[in-house]
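Below, each chain spelled out in residue letters.
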Amino acid sequence: MMIRKLSGEPPKLVLPKGTIDTQMHMYLPGHPARPGGPGLPPDPLPDAEAYRQVMAWLGIDRVVITQGNAHQADNANLLACLAEMGAVARGVAVITDATPAAEMTRLADAGVVGARIMDLPGGALGLSGLETVDAMAADAGWMMAVQFDGNRILELEPRLAALKSRWVFDHHGKFFAGAGPAEVAAVKRLVDAGRCWFKFAGVYESSRLGGPEYADVAEVAREMAAHAPERIVWGTNWPHNLARTAADYPCDAALADTVLGWLPGDRARRLALVDNPQELFGFPPVG
């Protein structure tokens, strides 16, 4: 049993109208974990009802639901979540070279706008499928969410620079060994090429210094936000699947204040929370 904080004092930084949470997972009953993944999060399932409480608490209006590793390449839970959330939601699915065109159409009709590459333990499809999935995503007009150990970025930069689709470098880059000037310069080059975004989400997953300040990740985040505010997006990373006990579970309001505080002012926050994710994930403009 996991006690998740779903309400409380709102963030001190007021999220603008139309805010999009670009990184979260949701789980509905009837969709068991698949072999190869990490298993479902602890009960109670972090479902649509629970997440709507978080939206109301933080001031989130729209959401991108990312296929969780527990379900591997079976997108049935994701499709059920998109149907449950309706027009405020878009999805990022797992596709492979075996995904037929008819399934791509079915996913798109349900609200899927992207494909996931997750080259870390438990991921359904790693970098071995990068170019194949990129070609499929580009043909469909989708984006890609790409996650790997960021300390490999110099080795991987030529492959990443050649991608045809829009893509987001996930989870603050996941620089497990820290990001030096060479790694940060590589991220800037990729972003400057015009097809790469940088996602603020899951800071606790790679910070070596830890909270509440996460100073190592903060340094890189501030530098990227100053360099290219039009290429930053943000996500809650709810329901924080690495937390296995209530004592480890973060306060989403406090985490939002910390991470969004790394953006240089209201205009940059508006870009990261509304305008940039609208462009990357194909949401309609806020009225």
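Residues numbered from 1 in each chain as written. Predicted model: local features only at pLDDT ≥ 70, side-chain atom pairs only at ≥ 80, totals over all residues. Heavy atoms only, no water.

Details of the layout of surface pockets
Summary: where empty space remains is shown by rolling a probe the size of a single water molecule over the atoms.
For step 1, the next point in the chain: Here the largest pocket defines a volume of roughly 430 Å³.
For step 2, the next point in the chain: If you trace the largest pocket, you find 25 residues lining it, with Asn69, Met118, Glu205, Asn241 and Leu242 closest to the centre.
For step 3, the next point in the chain: In terms of residue class, the lining of the largest pocket is built from eleven nonpolar, ten polar and four charged.
For step 4, the next point in the chain: The volume enclosed by the second largest pocket comes to roughly 220 Å³.
For step 5, the next point in the chain: Forming the walls of the second largest pocket are 15 residues, and the residues nearest its centre are Gly178, Ala179, Gly180, Asp216 and Val220.
For step 6, the next point in the chain: Listed by contribution, the elements that provide at least two residues to the lining of the second largest pocket are helix H6 (181–192) and helix H7 (215–227).
For step 7, the next point in the chain: By residue number, the principal contributor to the lining of the second largest pocket is H7, which donates five residues.
For step 8, the next point in the chain: Of the residues contributing to the lining of the second largest pocket, the split by class is six nonpolar, five polar and four charged. (1 Å grid on protein atoms, 1.4 Å probe; cavity = no way out; pocket = protein on both sides within 12 Å on 5 of 7 lines; lining within 4 Å. Points joined across faces, edges and corners; volume = space filled by probe spheres on them. Nonpolar A, V, L, I, M, F, W, Y, C, P; charged D, E, K, R; others polar. Helix = DSSP H or I, 4+ residues; strand = E, 2+ residues; numbered from the N terminus.)

Considering the packing of aromatic side chains
For step 1, the next point in the chain: Tallied over the entire structure, the rule returns seven aromatic pairs.
For step 2, the next point in the chain: Where Phe169 meets Phe175, the ring centres are 6.0 Å apart and the plane angle is 80 degrees; that geometry is what we call edge-to-face. Phe175 matches Phe169 in its accessibility class, with the two residues each being buried.
For step 3, the next point in the chain: An aromatic cluster of at least three residues, connected via ring pairs, comprises Phe148, Trp167, Phe169, Phe175, Phe198, Phe200 and Trp262.
For step 4, the next point in the chain: Directly above the aromatic system of Phe283 lies the positively charged group of Arg90, at a separation of 4.7 Å from the ring centroid.
For step 5, the next point in the chain: Taking NZ or CZ as reference, Arg231 lies 4.2 Å from the ring centre of Trp197, over its face. (Phe/Tyr/Trp six-rings, centres within 6.5 Å; stacked < 30°, edge-to-face > 60°. Buried < 20%, exposed > 50% of the residue type's maximum accessible area, 1.4 Å probe, protein only. Lys NZ or Arg CZ within 6 Å of the ring centre and 35° of its normal.)

Details of empty space enclosed by the protein
For step 1, the next point in the chain: Applying the stated rule across the entire model yields three cavities of 30 Å³ or more.
For step 2, the next point in the chain: A volume near 80 Å³ is recorded for the largest cavity.
For step 3, the next point in the chain: Lining the largest cavity, in full, are Leu58, Ala201, Gly202, Val203, Trp234, Gly235, Thr236, Asp252, Leu255, Ala256 and Val259.
For step 4, the next point in the chain: The greatest single-element share of the lining of the largest cavity, amounting to four residues, is contributed by helix H8 (residues 252–260).
For step 5, the next point in the chain: Within the lining of the largest cavity, the residues separate by chemical class into seven nonpolar, three polar and one charged.

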